[in-house]
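# Breakdown of the fold
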Amino acid sequence: MKALILISAFLLSACSVLPEQVPVDLYQLPAPTLQAAAAGPRLSTLRIDRAISSEALSGSRLLIMTANNQFQAFPNMRLAAPVPLLWRDWLLDAFWRDGRVDGLSAASEGLQSALELGGTLRAFQVDYSGAQAQAVIQYDATLISTSGRQILASKRFEARQSLDSVEVSAAVAALGGAANQLAAELIEWTIQQGQQ
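In this convention, every chain numbers its residues from 1, walking through the sequence in written order. In keeping with the predicted nature of the model, local features appear solely for residues at pLDDT of at least 70, side-chain atom pairs appear and are counted solely at 80 or more, and the whole-chain, interface and lining totals rest on all residues. In computing side-chain values, all of the structure's heavy atoms are included and hydrogens and water are not.

## What about the packing of aromatic side chains?
Aromatic rings from Phe, Tyr and Trp, with only the six-membered ring used for Trp, were paired whenever their centres fell within 6.5 Å, and each pair was classed as stacked if the ring planes differed by under 30 degrees, edge-to-face if by over 60, and tilted otherwise. Applying the stated criterion across every chain, the model contains four aromatic pairs. Relative to Phe124, the ring of Trp87 lies with its centre 6.2 Å away and its plane at 65°, an arrangement referred to as edge-to-face. Residue Trp87 is located in helix H2 (residues 83-98), and its partner Phe124 is located in strand E8 (residues 115-127); the two are separated by 37 residues in the primary sequence. Grouping residues by exposure puts Trp87 and Phe124 together as buried. Relative to Trp189, the ring of Phe157 has its centre 5.5 Å away and its plane inclined at 70°; by these criteria the two rings are edge-to-face. On the criterion of sequence distance, the pair formed by Phe157 in strand E10 (residues 150-162) and Trp189 in helix H3 (residues 168-195) is long-range, its members being 32 residues apart. Only protein chains enter the area calculation, which uses a 1.4 Å probe; residues under 20% of their type maximum are buried, those over 50% are exposed, and those in between are partly exposed. According to the relative accessible area criterion, Phe157 is buried, its value standing at 2%. Strands here are runs of E lasting at least two residues and helices are runs of H or I lasting at least four, both read from the DSSP assignment and numbered beginning at the N terminus.

In structure tokens form, the structure reads like this:
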């Protein structure tokens, strides 16, 4: 009985030693604002793969690049998914809204498709290294023919959007704006290259 009381007392005292958890806010990128495209060239199928990224960009923290090329993270916040997955799902939504691909899927679904869009996400952060804070997205896209795993085309896309303030919500909104700029170019390029 004494042993049980001692164990209980120890467990209760151990609980008070643990630090209190700080609440974490979850953020999602704003939905794409792209409008349905007018009639024109279309693709029958396209699957989008999860982007390759550095270890720094593979998590769910929103990073800040400082003037000395050092990464920091916004405190007490997380993105709703790891960055490469968040980016893939956001691109899927953008392609759906554009409407020029008849059959869209994520590569992880394992569905057949004539074309696959993949690439490397080289930047997805807020850059404080210059005079004006900017959200930066840089994506090296690769369009692949799935029948022979042959590269049809590749191109680097980059978009920047200035921040209105230093608040987390402003950073997320600016990333959404940069994503819209980049996606507009990426979708046009994908449709054109896929036609060839």
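## Considerations on the pairing of strand E2 (residues 43-48)
As judged from the five bridges shared by E2 and strand E7 (residues 101-106), these two strands associate in the parallel manner. Looking at E7, one finds that Leu46 is bridged to Leu104. One bridge is not enough; two strands pair if DSSP finds at least two bridges between them. Taken together, the two bridges between E2 and E8 define a ladder with parallel strand orientation. Looking at E8, one finds that Arg47 is bridged to Glu116.

## Here we look at the pairing of strand E9 (residues 134-145)
With eleven of twelve residues buried, E9 lies mostly within the body of the structure. Between the end of E8 and the start of E9, which pair antiparallel, lie six residues. Pairing of E9 with E10 involves twelve bridges; the strand directions are antiparallel. What sits directly across from Thr142, in E10, is Ser154. Taking the residues between adjacent antiparallel strands as the criterion, E9 and E10 are bridged by four residues, where Arg149 takes a positive phi near 50°.

## Let's talk about the side chain of Gln138
Mapped onto the elements, Gln138 comes out in strand E9. Ignoring sequence-local partners within four residues, the contact set of Gln138 consists of Thr120, Leu121, Arg122, Ala123, Arg156, Phe157 and Glu158. Working rule for contacts: check all heavy atoms of both residues, and any pair within 4.5 Å makes them a contact.

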